[in-house]
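Listed below are the residues making up each chain.
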Amino acid sequence: MTPPKRRSERIRALSANSVDSEETKSEIATRTRVSKKRKTKISTPNSTSATSKKRDETVKKSIKGATATRKSRRQSKIKGAKTKSKKASPTQEEEHLPRAREEELMKLHCASDEKNNIAKNTNLHVIGVDEAGRGPLAGPVVAAAVILPSKIAGITDSKKLTKEETRESLYEKVISSPDVRWSVAVGDAKRIDDINILQTTLECMSNAVRGVVEFTLNDEHSTVYGEGGEFMVYKRENEVSSKLTGCYIVCGRNDEEGKPITTPTKIKTINEQKKADGMYYNYYALIDGNRTPTKMICPSEFMIKGDSREYSIGAASILAKVTRDRLMHEYDELYPAYDLKQHKGYPTKSHMAKVFVFGASPIHRRTFAPLKHMSFDMDGKIIVKDEN
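Residues numbered from 1 in each chain as written. Predicted model: local features only at pLDDT ≥ 70, side-chain atom pairs only at ≥ 80, totals over all residues. Heavy atoms only, no water.

## What about the packing of aromatic side chains?
Filter applied, for reference: Pairing of aromatic rings covers Phe, Tyr and Trp, the last through its six-membered ring, and needs centres within 6.5 Å; plane angles under 30 degrees mean stacked, over 60 mean edge-to-face, and all others mean tilted. Think of it in three bands: with a 1.4 Å probe and only protein chains considered, a residue is buried below 20% of the maximum accessible area for its type, exposed above 50%, and partly exposed in between. In this description a helix means any DSSP run of H or I spanning at least four residues, a strand means any run of E spanning at least two, and both kinds are numbered starting from the N terminus. Comment: the charge-over-ring label is applied if NZ (Lys) or CZ (Arg) is within 6 Å of the ring centre and within 35 degrees of the ring normal.
Under the criterion given, the structure shown has two aromatic pairs. Ring geometry for Tyr280 versus Tyr283: centroids 6.2 Å apart, planes at 85°, classification edge-to-face. Note on accessibility: Tyr280 and Tyr283 belong to one class, buried. Relative to Phe358, the ring of Tyr338 has its centre 6.3 Å away and its plane inclined at 70°; by these criteria the two rings are edge-to-face. With Tyr338 in the loop between helix 7 (311-334) and helix 8 (340-343) and Phe358 in helix 9 (residues 349-358), this residue pair connects regions lying 20 residues apart in the sequence. On the basis of relative accessibility, which here comes to 5%, the residue Tyr338 falls in the buried class. Its relative accessible area of 35% is what places Phe358 among the partly exposed residues. For Arg366, the ring lying beneath its charged end belongs to Phe376, and the centroid distance is 4.8 Å.

## Considerations on the pattern of salt bridges
Our working rule: Salt bridges are defined as contacts in which a side-chain nitrogen from Lys or Arg sits within 4 Å of a carboxyl oxygen from Asp or Glu.
Using the criterion set out here, one finds 14 salt bridges in the structure. Across the pair Arg167 and Asp325 runs a salt bridge whose closest N-O atoms are separated by 3.4 Å. Pair noted here: Arg167 is in helix 3 (residues 164-175) and Asp325 is in helix 7, with a separation of 158 residues, a long-range link. The exposure class assigned to Arg167 is buried, which follows from its relative accessible area of 9%. Residue class for Asp325 comes out buried when judged on its relative accessible area of 3%. Of the charged contacts in the structure, one is a salt bridge between Asp325 and Lys321, with a shortest N-O distance of 3.5 Å. Note that Asp325 and Lys321 are positioned in helix 7 at a spacing of four residues, about one turn of the helix. Among the charged side chains, a network of salt bridges with common partners joins Arg101, Glu104 and Glu301.

## A few points about the nonpolar core
Note that soluble globular proteins tend to have their nonpolar side chains buried in a common cluster. Note the following rule: The nonpolar core is taken to be a set of buried Ala, Val, Leu, Ile, Met, Phe, Trp, Tyr and Cys residues, with the residues joined through side-chain atoms within 4.5 Å. Here a residue-residue contact requires only that any non-hydrogen atoms of the pair lie within 4.5 Å.
In terms of nonpolar packing, the biggest core is built from 69 residues, with Ile127, Val146, Val209 and Leu319 touching the most fellow members. Ranked by residue count, the leading element in this core is helix 7, at ten residues. Once you skip the residues sitting within four places of it in the chain, Ile127 turns out to touch Ala145, Val146, Ile147, Val209, Val212, Val213, Tyr283, Tyr284, Ala285, Leu286, Cys298 and Ser312. Residues Leu105, Val126, Tyr284 and Ile313 belong to the second largest nonpolar core, which totals seven residues.

## Some points on the side chain of Glu301
Just so we agree on the cut-off: Any N or O atom pair separated by 3.5 Å or less is treated as a polar contact, with the protein-specific requirement of one donor-capable and one acceptor-capable atom, and with residues adjacent in sequence counted only for side-chain atom pairs.
The residue Glu301 is located in strand 9 (residues 300-303) in this model. Looking at Glu301, its side chain comes within polar contact range of the side chain of Arg101, at 2.8 Å.

## Here's the deal with the environment of Cys298
Within the fold, Cys298 resides in the loop between strand 8 (283-288) and strand 9. Every residue in contact with Cys298, bar those within four places of it in the chain, is listed here: Ile127, Val209, Met279, Tyr280, Tyr283, Tyr284 and Ala285.

## Quick word on the confidence of the model for the chain
As a reminder, the rule being used: Residue-level confidence of the predictor is summarised by pLDDT, bounded by 0 at the bottom and 100 at the top.
Residues with a pLDDT of 70 or more make up 66% of the chain, whose mean pLDDT is 80. Averaged pLDDT values for the elements of the chain fall to 44 in helix 6 (residues 264-267) and rise to 98 in strand 2 (residues 141-147). Ignoring residues within four places in sequence, the model shows residues 41-45, a span with pLDDT below 50, making zero contacts including any to other chains. Segment residues 265-272 is flagged for pLDDT under 50; beyond a separation of four residues in sequence, or across chains, it makes 13 contacts in the model.

## Some points on the environment of Glu330
Looking at the secondary structure, you find Glu330 in helix 7. For the pair formed by Glu330 and Lys243, sequence separation is 87 residues and the distance between their alpha carbons is 8.9 Å. When residues no more than four places from it in sequence are discounted, the contact partners of Glu330 are Val240, Ser241 and Ser242. A polar side-chain atom of Glu330 sits 2.9 Å from the main-chain amide nitrogen of Ser242.

The structure is reproduced here in structure tokens:
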């Protein structure tokens, strides 16, 4: 039989149990805390991944939105640029230059504005005038004048029409359009050498306008002297040709159906508005450049860069350019050594090299450098080269 435990032993046993229980409780608490931490550590990546997914989705959406915004802005800028380019330089088939100044003149004409010398109770005809060939070393300078009531798509500055077939097509459309009046004046190299290129150009412009207004039938030259110096009234020819020499004009006019008018009886009706001072106040010329000719038979004004601003001047630039190019193609057959159909007489390197080899042809401008520093025999061969 086991003897009963003493009271002290029982107390020690109870305290030991209590310590064990406390230790057990503390261990349990510790394990619980560790397990919670583990759960937290385990669950944290999941929550982080979910948050990052949401963040990634938000970033993607913002990137997509920004990209779409940038794309739309680019498209709007491109559209705006296209619109501006269309307005500035209409080269597509459905576009043409505006008639801004022509419309202003029509309003002034209706109001009978005395400052502009426009007569009342008459129809005003606005003439576009331009030239081609001031800079070349060979060939004539050509000026064109035109009254063009019809709207022809593609009319713009001929220098912007880089394809020759495009210019040719527009040329044919202009001269075959209803109620058109046109004239081209050709100033040859001899005239350029006699009175200089500027005066020849202005003289051609004045004669071209005269051909449109009067539809002149002159069969010979006539020279007028007066204020502003010498002025030559060009004779009229039936067509532009390299076989012709000297200065001349070629004119054309169509009826309302686009058929050419050639009978003198119908031509006379054009000349009814001539005044005592020799001016036709029912016509008004818009001239490309920075000055107007002195011998004009109607009121006029110059327009800087008018060939890229005004419809009628743009049409005139096409007539002048095509007329001269056709002449240069014909001259190329007469003088094949210079390859004129390629450079149209402009002083390119190849052209200059050929001049030094073959000398000057009859259509070369002897007052243009470097020819003005050379001497030639009767056949155009170089015989002396000046040191300067």
